[in-house]
Structure formats: structure tokens, C-alpha cells
Amino acid sequence: MLDYTHEDWKARAAALNIKGQAFIDGKFVDAASGKTFDCINPATDAVLVQVAEGDEADINRAVAAGRAAFEDGRWSRMAPGDRKAVLLKLADLIRANLEEMALLDSLDMGKLVTDAATVDAPGSAHFFQWYAEAIDKIYDEVAPTGPGDLALVSRVPLGVVGAVTPWNFPLDMATWKGAAALAAGNSVVLKPAEQSPLSALRLAELAAEAGVPDGVFNVVPGFGVTAGKALGLHMDVDCLAFTGSTAIGKMFMQYSGQSNLKQVWPETGGKSPNLVFADCEDLDTAADMAAFGIFFNQGEVCSANSRLYVERSIKDAFVEKLIARAEAMQPGDPLDPTSKMGAIVDEKQTQGIMRFVEEGKKSANLVTGGERVTVDGKGCFVQPTIFDDVAHDNPLARDEIFGPVLSVIPFDTEDEAVAMANDSIYGLAASVWTDNLSRACRVSDKLMVGTVSVNTVDALSAQTPFGGMKQSGFGRDLSLHSLEKYTALKTTWIKYKA
Ligand code: NAD
Ligand code: MN
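Residues numbered from 1 in each chain as written. Chains lettered and ligands numbered in written order. Predicted model: local features only at pLDDT ≥ 70, side-chain atom pairs only at ≥ 80, totals over all residues. Heavy atoms only, no water.

In the nomenclature of an unreviewed UniProt entry, the protein chain is known as Aldehyde dehydrogenase PuuC of Falsiruegeria mediterranea M17. What UniProt states about the protein chain under its Sequence similarities (unreviewed entry) heading is, verbatim, "Belongs to the aldehyde dehydrogenase family." (UniProt positions renumbered as here; feature names shortened; annotations may be inferred.)

(A) The arrangement of the overall build of the protein chain in detail. Of the regular secondary structure elements, the protein chain holds 16 helices and 23 strands. For the protein chain, the C-alpha radius of gyration of 23 Å lies close to 23 Å, the compact-globule estimate for 498 residues. For the protein chain, the C-alpha atoms occupy an extent of roughly 75 × 60 × 45 Å along the three principal directions. Scored against the burial criterion, the 498 residues of the protein chain give a buried share of 58%. Across the protein chain, the fraction of contacts at a sequence separation of at least 24, relative to all contacts at a separation of at least 6, is 75%. Accessible surface computed for the protein chain: about 19,200 Å², of which carbon and sulfur atoms make up 54%. The average position of the 45 basic charges and that of the 67 acidic charges among the side chains of the protein chain differ by 6 Å. (Helix = DSSP H or I, 4+ residues; strand = E, 2+ residues; numbered from the N terminus. Rg over C-alpha atoms; globule rule 2.2 N^0.38 Å. Buried < 20%, exposed > 50% of the residue type's maximum accessible area, 1.4 Å probe, protein only. Contact = heavy atoms within 4.5 Å. Areas by Shrake-Rupley, 256 points an atom, 1.4 Å probe, with all protein chains shown as cover. Lys, Arg positive; Asp, Glu negative; His and termini not counted. Charge placed at Lys NZ, Arg CZ, Asp CG, Glu CD.)

(B) Expanded view of the environment of Val 408. You can see Val 408 is positioned in strand S18 (residues 405-411). Along the sequence, Val 408 and Phe 242 sit 166 residues apart, while their C-alpha atoms lie 31 Å from each other. Not counting residues within four places of it along the chain, the set of residues in contact with Val 408 comprises Leu 308, Val 310, Lys 315, Val 319, Ile 386, Phe 387, Asp 388, Asp 389 and Val 390.

(C) Region of the structure containing a nonpolar patch on the surface. On the surface, Val 142, Leu 150, Ile 494 and Tyr 496 cluster together into a nonpolar patch covering about 340 Å² of accessible area. One can find Leu 150 in strand S6 (residues 149-157). Judged by relative accessible area, Leu 150 falls into the partly exposed class, the value being 32%. (Patch = residues over 30% accessible without salt bridge, like charges linked within 9 Å, V, L, I, M, F, W, Y side chains within 5 Å. Salt bridge = Lys/Arg side-chain N within 4 Å of Asp/Glu carboxyl O.)

(D) Summary view of the packing of helix H3 (residues 80-96) against helix H5 (residues 113-135). The interhelical angle for the contact between H3 and H5, taken along N-to-C directions, is 165 degrees, at an axis separation of 8 Å. By the angle between their directions, the pair H3 and H5 is classed as roughly antiparallel. For H3 against H5, the interelement crossing comes out left-handed. From H3, Pro 80, Arg 83, Lys 84, Leu 87, Leu 88, Leu 90, Ala 91, Ile 94 and Arg 95 reach across to H5, where they touch Ala 121, Ser 124, Ala 125, His 126, Phe 128, Gln 129, Ala 132, Glu 133 and Ile 135. (Axes fitted to C-alpha atoms, helices over the stretch in contact; angles between N-to-C directions. Parallel < 35°, antiparallel > 145°, perpendicular 65-115°, else oblique. Left-handed = near helix turned anticlockwise from the far one by under 90°.)

(E) Here's a closer look at the sheet that holds strand S5 (residues 141-142). Ordered by their spatial adjacency, 3 strands build an open sheet running S5-S6-S23, and the pairing between neighbours is antiparallel. This sheet does not close on itself; its edge strands, each paired only once, are S5 and strand S23 (487-495). Where S6 lies against S23, 9 bridges are found, and the strand directions are antiparallel. The residue bridging Ala 151 from the neighbouring strand is Trp 493, located in S23. (Pairing = 2+ DSSP bridges.)

(F) Broad picture of the domain arrangement of the protein chain. Parsing the protein chain into structural domains produces domain 1 (6-268) and domain 2 (273-464). For domain 1 versus domain 2, the distance between C-alpha centres works out to 30 Å. Taken together, the contact between domain 1 and domain 2 spans 29 residues of the former and 30 residues of the latter. For the pair domain 1 and domain 2, the summed buried surface comes to about 2,400 Å²; carbon and sulfur atoms form 66% of the total. For the pair domain 1 and domain 2, the interface holds 0 salt bridges. Among the elements of the structure, helix H1 (6-14), helix H4 (98-109) and H5 are those that each provide at least two residues to the side of domain 1 that touches domain 2. A per-element tally of the side of domain 1 that touches domain 2 places H5 first, with 7 residues. The residue makeup of the side of domain 1 that touches domain 2, split by class, is 15 nonpolar, 10 polar and 4 charged. (Domains from an automatic or database assignment. Buried area = accessible area lost by both parts, 1.4 Å probe. Nonpolar A, V, L, I, M, F, W, Y, C, P; charged D, E, K, R; others polar.)

(G) Just the side chain of Glu 100, in detail. Counting through the fold element by element, Glu 100 comes out in helix H4. We classify Glu 100 as buried; its relative accessible area is 18%. Setting aside residues up to four positions removed in sequence, Glu 100 forms contacts with Leu 16 and Arg 202.

(H) Just the coordination of the manganese ion (ligand 2), in detail. Within the protein, Ile 40 (O), Asp 108 (O), Asp 108 (OD) and Gln 195 (O) serve as the donor atoms for the manganese ion (ligand 2), at 2.2 to 2.6 Å. Given a relative accessible area of 21%, Gln 195 falls into the partly exposed group. (Donors = N, O, S within 2.8 Å, 3.2 Å for Na, K, Ca; no water.)

(I) Up close: the packing of aromatic side chains. Enumeration over the complete set of coordinates arrives at 13 aromatic pairs. Summarising the aromatic geometry, the rings of Phe 277 and Phe 411 are spaced 5.1 Å apart at their centres and angled 65 degrees between planes, so their arrangement reads as edge-to-face. Of this pair, Phe 277 sits in the loop between strand S12 (273-276) and helix H10 (283-295) while Phe 411 sits in strand S18; the two residues are 134 residues apart in sequence, bridging distant segments of the chain. In this structure Phe 411 comes out as buried when scored by relative accessible area, which is 0%. (Phe/Tyr/Trp six-rings, centres within 6.5 Å; stacked < 30°, edge-to-face > 60°.)

(J) Examining the nonpolar core more closely. Of all hydrophobic cores here, the largest spans 82 residues; its most connected members are Leu 90, Phe 128, Leu 203, Phe 217, Leu 308 and Phe 318. No other element matches the 9 residues that helix H6 (residues 170-183) contributes to this core. Look past the residues within four positions of Leu 308 in its chain and what remains in contact with it is Asn 274, Val 276, Ala 290, Phe 318, Leu 322, Leu 406, Ser 407, Val 408 and Ile 409. (Core = buried A, V, L, I, M, F, W, Y, C linked by side-chain atoms within 4.5 Å.)

(K) Structural detail: the layout of surface pockets. Estimated volume of the second largest pocket: approximately 580 Å³. Along the wall of the second largest pocket there are 24 residues; nearest its centre are Ile 135, Ile 138, Tyr 139, Asp 140 and Arg 155. Only H3, S6, helix H16 (482-485) and S23 provide two or more residues apiece to the lining of the second largest pocket. (1 Å grid on protein atoms, 1.4 Å probe; cavity = no way out; pocket = protein on both sides within 12 Å on 5 of 7 lines; lining within 4 Å. Points joined across faces, edges and corners; volume = space filled by probe spheres on them.)

(L) Region of interest: the UniProt feature "domain: Aldehyde dehydrogenase" (unreviewed entry) in the protein chain. Following the UniProt record, one finds the feature "domain: Aldehyde dehydrogenase" (unreviewed entry) at residues 28-491. Annotated as residues 28-491, this span is 41% helix and 21% strand, and its ends, taken at the C-alpha atoms, are 39 Å apart.

(M) Representation of the sheet that holds strand S13 (residues 307-311). Read from one edge to the other, the open sheet built from 7 strands follows the order S14-S17-S18-S13-S12-S20-S21, with strand pairing classed as mixed. Across the chains shown, the open sheet's two edge strands, defined by having one partner strand only, are strand S14 (365-368) and strand S21 (451-454). Averaged over all adjacent pairs, the angle separating strand axes in this sheet is 25 degrees, with direction ignored. With 3 bridges connecting them, S14 and strand S17 (residues 385-388) associate as antiparallel partners. Across the sheet, Leu 366 pairs through a bridge with Phe 387, a residue of S17.

Below, the structure is given as C-alpha cells:
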């Protein structure tokens, strides 16, 4: 697959049988209303398929199916080792269908098919495997109560978990929520982003093929204000795992308060700083990674390193390196393996990015990019764009743009760099480049973010928790800690004659 040509990928894309129905209680179904919406490929403006427009009625059906499955124990009372076997099979099926999974995400939201085939789709298989392997190795506790009392403290599944996900990593966001929630024994109702529902629907079909019982993993595509809201307000959903914008994360907290006090775990936006100190020896690698940190996935990454703070003495030379890298990453057809950047998810997001860029041209120093472009006369594409000498309070440096736009800000002292990095409503991630170990540790200590990457960017693995501080939310995906979201602590106290 990694030796496929552009023509190979195009032929395989054309041969796909794309499914757009909702997946509820083990089968594909139309929305109760019969309504559908266009699923659009942002690289070509073409309609890929009609997708079921799920709303409250469909969410109700899916939650009822999830509840029935949870109550009769077909999954929730299965031995962890048996759930493991099913989820390992699912990981294998994702690998067996890797090419299709990669194509679905690429066509649906514009990411490079080679990235989807090497990062997103293998990642999904890996995360399912990781939670499958973990789940029969976690022990509960016996409390130190003393003779006559046996107090068991166990982690039990919650019931029905609602998951609402964004469009930037469609398959992986569905997986981060789904793999952990399912491994723990819950039923899941997933509402994928309306821009990118396709891979989640296929994932649900593969889960059924792997042996996940009917009703346990449901996917209801639809819009946020209808289907998403219905899930957030549902009286029979026990937990709502959300990844998306800060504004909508706040709404889910309100939905919970207005309904049944379901647990809400928001993982929201970011404006992650990347701090490059003059004592970093390998500035070429730092520049490679700074470019990757903002231009990978068209900059549509919650933890994108969108604020670059560079020590003033090396700033101009560093920006020169960055310009060269940006210019080598012009957007192209996502199905062309030689393309370095893909399409923006849709017209609305493209226009939003360009509003920031046009304002930025008036208030900062545009050094490369800055234009919307087409590929073969079509699609939503934005050049990799760098603004230099951005004032710290400029919207370019303050707001989440969620596109390939980097703001460079010089600094003079370590304290100043840390203060600017922390002066944000967000706290998702940060990067630090230095060969001074004490400085690396000192600066990391002070950065109020969920993940600090030292001499790299966006460090991430199944073994480490991912999530933020401040208005980046407080949910954590990945690692064993993610299971805490999908389980409750339960005490069972037994009296016996000692
Ligand atoms: P979004 O908040 O607009 O949408 C996310 C999801 O919420 C979608 O499924 C959408 O349909 C739903 N939704 C929208 N309005 C709703 C409403 N009123 N009620 C209920 N549901 C609603 O975000 P997006 O544009 O899809 O994704 C981009 C955002 O996601 C960025 O802010 C990015 O930083 C964030 N993100 C965060 C992480 C993380 O782990 N912290 C990861 C990826 C993306
Ligand atoms: Mn789409």
C-alpha cells in the first residue's frame, strides 16, 4: 500500500462501497425521519455519499439499544478476557481493512491518504489492541478494614457512554473513546462530526464482525445541535466523552446539569506554544519539527504548535529555516502520495482560517503563504502560512485558528518565554527546545499544560495520558487513566464472623 501511486489510490477510492446509514443495534438503518445529508470531499467538492441525518429519535433508539445490552450483560458481564479476544479481533480487522479505513478519512476530511494509512488507521488498530490487552490485567482492591470486615473496592462499567467527536482525526477520535469505553464493559453511542462520519460507521460494522454484540457499539451520524445535543441531554446516558471546541465542551457541561448529572469529560481546544531557546544545538531538527508541529494534518490538530516563541538572538535565522520548510509543503491532492499537505475539512473552516489570515496581513509580518489555493481548480486548500513578529495579544497568537498558520514571537529571557506561553486560556500541550537539562526541567515544571514535549513535538502514545488543563478541558484519553472516565468506584462491604 505504501508503494501505491496517485493512480492506484484514485482507482481504489473510486471502487469503494461507502456506507452512510446509521449503525444502531447491530445493523445499518436509515434515520427515523428518513432525512440524509451530503457527505462532501473537501479536496474535490464532490458528494461522496448521502449520510443518515440522525436526530433525537435515533439517539433515543441507540441509547435504548445500548441500555438493553448493558442490562442483560451480553458485553458488560462478559469476562474481561473474553472482551479482550473480541477487541483483538477488531484490531486485526482494522489492519485487514487498513487501506479502506485510510481512504475513508482522507476522502471525508481531506487529510493525506499516506498519513491516514501510516498514522491514523494503524493507530486505531494499535489502540484497540492496547486496551484489549490491558483489560484482563487490571486488579481491584481490598480495603485494609481488619478481621470481620471484607471491603472490596472495584471498578465497574458505568452503563451507556455517549461519545461526541471532531473531524480532524475521525477514526482515531472514535477509537480513543470507543476502545477504552468498550474494553471497560460499557455500551457506547457515538455521534461523529457531521463533516467526517464515514470511518466511524465502518468501524461499527467491523466491530460487529469481530463479535461485539448488537447494541453495544452504536454510531449515529447527524448534526451537533440535534443529535449531539440529544445525547448530551439524554436522561439515560451515564457519561459523555467529548472532544471538540471549548465552546461546545462548555455546552455539554450545561446539558449535564439540565438533565441527569451525567459525567462529562471535555477535551477541547488549544493554542500550544513551542519554545525554542538559543542553547538548542540541533536547530535544523527543531525547525523540521516546528514545521511538522503546525502543518501536519493541515494544522487541524488540537495540540498544534501554533505559537512559536524563539529566543531573539536566533529568531531571524530560525524563521529562514521555517520558510524553506513551509514552501516545500504546499498543498496537493490528498490521494497523491507526493503531496505534502492535504485539504481543509470544509468550506466553512477554510473561510474561518482565511479571515484570520487576512486580518493578520494588516497586523503582523506575513513571511510565507497567506493564500487560499485550489488543486485542479477545486477544493478547500490553504498554503502553509507564517507570520513573524506577531504581538503576543494579536488574535493570531491568542485564538485557536485550527489551520496551517504559525505565529512567531521573539523573546529575550526564559521567564518572559514561560510567562507568554502560560498567558492563554488554553493548556493542552507545549514543546521546549534546549540542550540545557536544568532549563528543560525548570521550564517544563512551570508550563501549565497537559503534555510537555522536550526536544520533540506532540509526544503521544497509548501508554501516556493525553488531555489538557484550563479551558483545554480535563478529560484524559489514552493510557490506563482513560479507563477511570468509563468506570465507577464501587465498594462492596461484607461482614463475616472472624
Ligand atoms: P466542534 O466543537 O464544533 O464539534 C465537535 C463535535 O460536537 C461534533 O461532533 C459536533 O457535531 C458536535 N456539536 C457541535 N455543536 C454542538 C451542540 N450545540 N451540541 C452538541 N454537540 C455539538 O469542534 P470541531 O470543529 O469538530 O473540531 C475542532 C475542535 O476540536 C478544535 O477546537 C480542536 O482543538 C478540538 N479538538 C480537541 C482535541 C483534544 O483532544 N483536546 C482533539 C481534537 C480536536
Ligand atoms: Mn466530509
